[in-house]
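Coordinate analysis (summary)
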Amino acid sequence: MKTILSLVVLALSSIAVAAPLVAVDVGHGVVDSGAISARGRTEFAFNQDFAGLLAQTLRQRAVGVREVNFDGRIGSLHARPQAAEGSDFFISIHHDSIGEAWLLDWEWEGKPQRYTEVKRGYGIFVSAQNPDLATSLRCASTIGAMMRRAGFEPSTWHARKHVPADAENGVWYYDNLVVLYRTTLPAVLFEAGVIKHRDEELELLDPVRQARMADAVATGIAACLYVQSAE
């Protein structure tokens, strides 16, 4: 943790380093809207909201942004890394769900919905097949460290089926994600939280909390990439 925080201090105090360009990808889309929250909202809607805020926050840190799938009309997973070509880093924004075995029934505004009580928290994924695994891991850990420093808790649920890359900071290996291994860029997939958890769903909709999370993720990315540029 101290090592990662020292990288942040070094990076944010650096001058005369070329601004990096980050491709921010909105997970899912108009056709495939992803998971459905405990109250019936699509994951894509959550992803759109947070990706837009993250892009704005990155720009405030003098980081260039390439918007990928912000309109939700990229249908192919392979097309997302292609749209990011020429960037320095790729982050795909998602919100998490859980398997059917862990879902319970309830009713919200007169409609049947499903929710969970056993899983919540953020998760960050990297692929061992990524062509720049070292940078992917460093950025993932830095993002995770900034998330924890801002008071966010990583989900431990991923330990059930994923190999830890940096479990303390919520980073896990997930090798068969197309957007992570079909790219020439260092890349991470960021799960902001579990929208099937009724309490966390509401937290993820809180504008103040969203801004705090975007600040943590943007600071982690900026720190990692500015250090990379300065090496």
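The structure under discussion appears in the preceding block.
Description of the structure in this document. (Residues numbered from 1 in each chain as written. Predicted model: local features only at pLDDT ≥ 70, side-chain atom pairs only at ≥ 80, totals over all residues. Heavy atoms only, no water.)

Attention now moves to the nonpolar core. The biggest cluster of nonpolar side chains holds 42 residues, and the ones touching the most others in it are Ile91, Phe190 and Val217. Sorting the residues of this core by element identifies strand S1 (21-26), helix H2 (43-60), strand S3 (89-96), strand S6 (123-126), helix H4 (133-149), strand S9 (187-194) and helix H7 (207-230) as the ones contributing at least two each. Ranked by residue count, the leading element in this core is H7, at ten residues. With residues near it in sequence (within four places) discarded, Val217 still touches Phe50, Leu54, Ile91, Ile143, Met147 and Phe190. Membership of the second largest hydrophobic core comes to twelve residues, among which are Ala23, Val68, Phe90 and Leu189. (Core = buried A, V, L, I, M, F, W, Y, C linked by side-chain atoms within 4.5 Å. Buried < 20%, exposed > 50% of the residue type's maximum accessible area, 1.4 Å probe, protein only. Helix = DSSP H or I, 4+ residues; strand = E, 2+ residues; numbered from the N terminus. Contact = heavy atoms within 4.5 Å.)

For H4, which comprises 17 residues, the first-to-last C-alpha distance of 24 Å matches the rise-based estimate of 24 Å (1.5 Å per residue) to within 8%. All buried positions along H4 are accounted for by Thr135, Ser136, Cys139, Ala140, Ser141, Thr142, Ile143, Gly144, Ala145, Met146 and Met147. Count one or two residues on from H4 and you reach Gly151, which has phi positive near 100°. (Expected span 1.5 Å × (residues − 1).)

Our focus in this paragraph is the layout of surface pockets. The volume enclosed by the largest pocket comes to roughly 420 Å³. What lines the largest pocket is a set of 21 residues, and nearest its centre among them are Asp96, Lys119, Lys161, Tyr174 and Glu191. In this structure, the second largest pocket occupies an estimated 320 Å³ of space. Forming the boundary of the second largest pocket are 19 residues, of which His28, Asp32, Gly75, Leu77 and Arg80 lie nearest the centre. Looking at the lining of the second largest pocket, the elements with two or more residues in it are S3 and helix H5 (178-181). Grouping the amino acids of the lining of the second largest pocket by side-chain chemistry returns eight nonpolar, seven polar and four charged. (1 Å grid on protein atoms, 1.4 Å probe; cavity = no way out; pocket = protein on both sides within 12 Å on 5 of 7 lines; lining within 4 Å. Points joined across faces, edges and corners; volume = space filled by probe spheres on them. Nonpolar A, V, L, I, M, F, W, Y, C, P; charged D, E, K, R; others polar.)

Located in the positive-phi region is Ala62, a residue other than glycine, with phi close to 60°. Tracing the chain through its elements places Ala62 in the loop between H2 and strand S2 (64-68). Unlike most non-glycine residues, Glu109 shows phi in positive territory, near 50°. Examined against the element boundaries, Glu109 turns out to sit in the loop between strand S4 (104-108) and strand S5 (111-115).

Here we come to the state of the cysteines. Tallied over the full model, the rule gives one disulfide. What pairs with Cys139 in a disulfide is Cys224, and their sulfur atoms sit 2.0 Å apart. On the S-S bond that ties Cys139 to Cys224, the torsion sits near -75°, and the link is left-handed. Remark: Cys224 occurs in helix H7 and Cys139 occurs in helix H4; sequence separation between them is 85 residues. Judged by relative accessible area, which is 0%, Cys139 ranks as buried. (Disulfide = S-S within 2.5 Å.)

Turning next to the sheet that holds S6. The strand order S2-S1-S3-S9-S6-S8-S7 describes an open sheet built from seven strands, whose pairing is mixed. The open sheet has two edge strands with one neighbour each: S2 and strand S7 (164-166). Averaged over all pairs of adjacent strands, the angle between their axes in this sheet comes to 30°, without regard to strand direction. Examined bridge by bridge, S1 and S3 share five bridges and lie parallel to one another. From the neighbouring strand, Asp25 faces S3, where its bridge partner is Ser92. Relative to S3, H2 is tilted by about 140°, and along the sheet it contacts S1, S2, S3 and S9. Along the sheet face, H4 touches S3, S6, S7, strand S8 (171-173) and S9 and points at about 175° away from the line of S6. (Pairing = 2+ DSSP bridges. Axes fitted to C-alpha atoms, helices over the stretch in contact; angles between N-to-C directions.)

What follows covers the pattern of salt bridges. Between side chains of opposite charge, a pair can form as their charged atoms come close. Throughout the structure, instances matching the rule amount to twelve salt bridges. Through salt bridges with shared partners, a single ionic network connects Glu100, Asp105 and Arg114. (Salt bridge = Lys/Arg side-chain N within 4 Å of Asp/Glu carboxyl O.)

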